[in-house]
2 protein chains.
Amino acid sequence: MTSNRQALLKSRPFGLVTSENFEFVDTPIAEPGEGEFQVKVEAISIDPAMRGWMAEGKSYIPPVGLGEVMRAGAAGHVVKSNHPKFEVGDAVSGMFGVQQFINSNGAMVAKLDESQASLERWIAGLGMPGMTAYFGLLNVGEPKEGDTVLVSAASGAVGSIVGQIAKIKGCRAVGIAGGPEKCRYVVEELGFDACVDYKAGNLYKDLREACPKGVDVLFENVGGEIFNTELALMNVFGRIVLCGLISAYNATEMPKALTNLRFVLTQRLKMQGIIVFDFAKDYPKAIEELGRWHAEGKLKLREDIREGGIDAYPDVLNLLFSGGNNGKLVLKV
Amino acid sequence: MTSNRQALLKSRPFGLVTSENFEFVDTPIAEPGEGEFQVKVEAISIDPAMRGWMAEGKSYIPPVGLGEVMRAGAAGHVVKSNHPKFEVGDAVSGMFGVQQFINSNGAMVAKLDESQASLERWIAGLGMPGMTAYFGLLNVGEPKEGDTVLVSAASGAVGSIVGQIAKIKGCRAVGIAGGPEKCRYVVEELGFDACVDYKAGNLYKDLREACPKGVDVLFENVGGEIFNTELALMNVFGRIVLCGLISAYNATEMPKALTNLRFVLTQRLKMQGIIVFDFAKDYPKAIEELGRWHAEGKLKLREDIREGGIDAYPDVLNLLFSGGNNGKLVLKV
């Protein structure tokens, strides 16, 4: 039997996640049964949505139960197989959890072509963040050539791709990020037309300058005061893709009021929430198009790969909320 | 020359409107010029949107200027005419303002058939409130048979029609109103399936009981804490028609936080603001259908007609915000 390091959810966090919320255990894992294979997990996708999965209450999927392995998308290689369609050595991705090994019957597991992209990229720009950016912007945001597309958390896994797709579609892409270094990255390396540093303290004024024709499509990842400010810049019949509200995920105090909600009414805005799983049947189309743009040099993808293994999970997750990452966060196992 | 009593906006209100915000003047009105006619205004439509028209800042139309006649939809009869298409005695409606007389060249003026409905009804259920309910619910809310449709301010001009159209379309119609008498009216006279009294103090619990299958379409007229509570009841892929935010129109303090905005994301809701003028080209279709439902007894329309003339305008307007009206408010001149 193989020893399997796992992160089990021990308690529901209040505010930021800490190591105290997890129990790290070495559990022996059985041999894969008939029709099963065993995956050695090598790269775990670190996503803001994980914070929501730890919380109780109504959401789009049930919360992770106390004592259960923390839910996570991940990639690795098949190391043992009694499954006719998965061979030892195959690269695969799936919801493998924050652990070293898992036995699977193949349901919801995708094979990855490592000649096209690394394991990390397959769970990053060509995985959920890429799908989220693609369907959120194109299906919900409906950008038209010449539109101004504003993206919060623009240097993040999803935001960085949203702005680049906006450019491909002939739009003006404006980002919001924290600090001059991230803003420089967003403009100079990703090719956004402008990026506003929300930490500089003049968000409304700076956004007005960066969006002289107002905002037609807002791709929202942050919420809170940043969202409230953005609302005041929306053009008539603008579209808001509500993808994330990261400012609220660790909140322990009441947020401020959304005083600018009235612009949804007076500007006749359409705001729509998006969960990427709803677009699952069209993933192949998105992967093909994102892959092509990437091969043509029109789409830059970047992973921020962290070492430390299973035990580093809480600290690496918190980088998302402190803004300590730059690009899609991946934890190497 | 005819003496014309007018309500001029003197100052921009802070909180509730008072008589101090208006100057009531008797201005002589000239004879109508070539191609013009003169209307004697007899009924003025009193609408929540008026409060917004008095405020400065970006909105869907410019604010009423200081010293200008207060903007209002109204109806009356032609009393003098030099216009080939409008004769003395014609009943007409238009944006005539809070005043007794106006000269018009006919632009944006509709002729009314008094054999079908009274002047008051033509600016009520068959006017803007009817159009707002019709297009907001059907074009934006997209109700399907069997859906639960929740309507705030359900006894009001728009809400009362929304719920009745929902019933015609085979939906469960649930209202929210203030006090047992309004709730009784909404259920027993308008035919909603249920109505929750938000003043009873158990809004979330009472709404859960009234909407056992959750809410598919929310027609929102109120905003604030009521809206925040409703958000927690929305079903996956629900639609929110943002028609009004009356709780905020006279606010002098910060509202509370919209803590349930996350449900827009997790439930993949679509929220869209609506201004009735955007549907102007389809008004005739709506008037025909509303008129037919009314004639068939499927749609009850009720006006709350107040006396007092031009000088009563501020007090009658405030009935909307105190909940003192029951049905569409009309001021008789």
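Keep in mind it's a predicted model, so treat the numbers as computed, not measured.

> Quick question: what am I supposed to make of the overall build of chain A here?
Counting its regular elements, chain A contains eleven helices and 15 strands. Overall, chain A is about 65 × 45 × 35 Å in size when its C-alpha atoms are taken along their principal axes. Within chain A, buried positions represent 50% of all 333 residues. A fraction of 66% describes how many contacts in chain A between residues 6 or more apart in sequence connect residues 24 or more apart.

> Looking at this structure, I do not really get the nonpolar core. What am I missing?
Soluble globular proteins: nonpolar side chains tend toward being buried together. Counting 214 residues, the largest nonpolar core has Ile 44, Val 162 and Phe 219 of chain A together with Ile 44, Val 162 and Phe 219 of chain B as its most contacted members. When neighbours within four sequence positions are excluded, Ile 44 of chain A is seen to be in contact with Ala 72, Ala 74, Val 98, Val 330, Leu 331 and Val 333 of chain A.

> What should I look at first to understand the sheet that holds strand S9 (residues 172-177) of chain A in this one?
Two pairing modes exist for strands in a sheet, parallel and antiparallel, and in both the strands are linked by backbone hydrogen bonds. The twelve strands lie next to each other as S10(A)-S9(A)-S8(A)-S11(A)-S12(A)-S13(A)-S13(B)-S12(B)-S11(B)-S8(B)-S9(B)-S10(B), forming an open sheet whose pairing is mixed. In the strand order of this sheet, the two ends are held by strand S10 (194-197) of chain A together with strand S10 (194-197) of chain B, each with one partner. Looking at each pair of strands side by side, their axes are set apart by 15° on average, direction ignored. The pairing of strand S13 (residues 270-273) of chain A with strand S13 (residues 270-273) of chain B spans three bridges and is antiparallel. Among the inter-strand pairings, Gln 272 of chain A is bridged to a residue of S13 of chain B, identified as Lys 270 of chain B. Strands in contact with helix H5 (residues 180-189) of chain B are strand S9 (172-177) and S10 of chain B; relative to S10 of chain B, the strand with the most contacts, it is inclined by about 170°. Contacts between helix H6 (residues 203-210) of chain B and the sheet are confined to S9 and S10 of chain B, with S10 of chain B contributing the most and set at about 175° to the helix.

> What am I meant to see in helix H5 (residues 180-189) of chain A here?
Think of an α-helix as 3.6 residues a turn; residues three or four steps apart then line up on the same face. All names here are of chain A. Here H5 has its buried residues at Lys 182, Cys 183, Tyr 185 and Val 186. Angularly, the buried residues of H5 cover 155° about the axis, an arc narrow enough to put them on a single face. Of the exposed residues in H5, those oriented more than 90 degrees away from the buried face are Pro 180, Glu 181, Glu 188 and Glu 189. On its buried face, H5 sits against helix H4 (157-168), S9 and S10. Directly after H5, the chain includes Gly 191, whose backbone phi takes a positive value near 85°.

> Looking at this structure, I do not really get the domain arrangement of chain A. What am I missing?
When the parts of a complex come together, some accessible area is lost, and that lost area is often taken as the interface size. Residue and element names in this part refer to chain A. For chain A, the assigned domains are domain 1 (2-124 + 302-332) and domain 2 (128-277). The gap between the C-alpha centroids of domain 1 and domain 2 is 29 Å. Counting from both sides, the interface comprises 16 residues of domain 1 and, opposite them, 14 residues of domain 2.

> How should the interface of chain A and chain B be read in this particular structure?
Tallying the contact residues gives 27 residues for chain A and 27 residues for chain B. For the side of chain A that touches chain B, the elements supplying multiple residues, two or more each, are helix H9 (262-266) and S13 of chain A. Class assignment for the residues of the side of chain A that touches chain B results in 15 nonpolar, seven polar and five charged.

> It is not clear to me how unusual backbone geometry should be interpreted in this structure. Could you clarify?
Across the chain, the bulk of peptide bonds are trans and the bulk of non-glycine residues have phi less than zero. Positive phi outside glycine occurs at Ala 153 of chain A, with the angle close to 50°. Here Ala 153 of chain A lies in the loop between strand S8 (148-152) and H4. Notably, Met 108 of chain B is not glycine yet its phi reads approximately 65°, a positive angle. You can see Met 108 of chain B is positioned in the loop between strand S6 (101-104) and strand S7 (110-111).

> I'm lost on the pairing of S13 of chain A in this one. Help?
Every other side chain in a regular strand lies on the same face of the sheet, so the side chains alternate between the two faces. Here four bridges tie strand S12 (residues 234-242) of chain A to S13 of chain A, and the two strands are oriented parallel to one another. Counted as the bridge partner of Ile 240 of chain A is Met 271 of chain A from S13 of chain A.

Reading the values: the criteria
Numbers given for residues are sequential positions, taken from 1 along each chain in its written order. Starting at A for chains and at 1 for ligands, labels are handed out in the order in which the entities are written. A pLDDT threshold of at least 70 governs which residues receive local features in this predicted model, and a stricter bar of 80 or more applies before side-chain atom pairs are shown or counted, although totals over entire chains, interfaces and linings include all residues. Only DSSP runs of H or I with at least four residues qualify as helices, and only runs of E with at least two residues qualify as strands; both kinds are numbered from the N terminus onward. In this scheme every C-beta is placed from the backbone, and a residue whose C-beta has 20 or more other C-beta atoms within 10 Å is buried, one with 12 or fewer is exposed, and one in between is partly exposed. What counts as a contact here is a pair of residues whose C-beta atoms, placed from the backbone, lie within 7 Å. Put simply, a nonpolar core is buried Ala, Val, Leu, Ile, Met, Phe, Trp, Tyr and Cys residues tied into one set by C-beta atoms within 7 Å. Only strands joined by at least two bridges in the DSSP assignment are considered to pair. Fitted lines through C-alpha atoms give the axes, limited to the stretch in contact for helices. The angle between two N-to-C directions lies from 0 to 180 degrees. Note that the arc is defined by the directions from the helix axis to the C-beta atoms. Domain start and stop points were drawn from an automatic or database domain assignment. Three classes are used, and their members are as follows: Ala, Val, Leu, Ile, Met, Phe, Trp, Tyr, Cys and Pro are nonpolar, Asp, Glu, Lys and Arg are charged, and the others, Gly among them, are polar.

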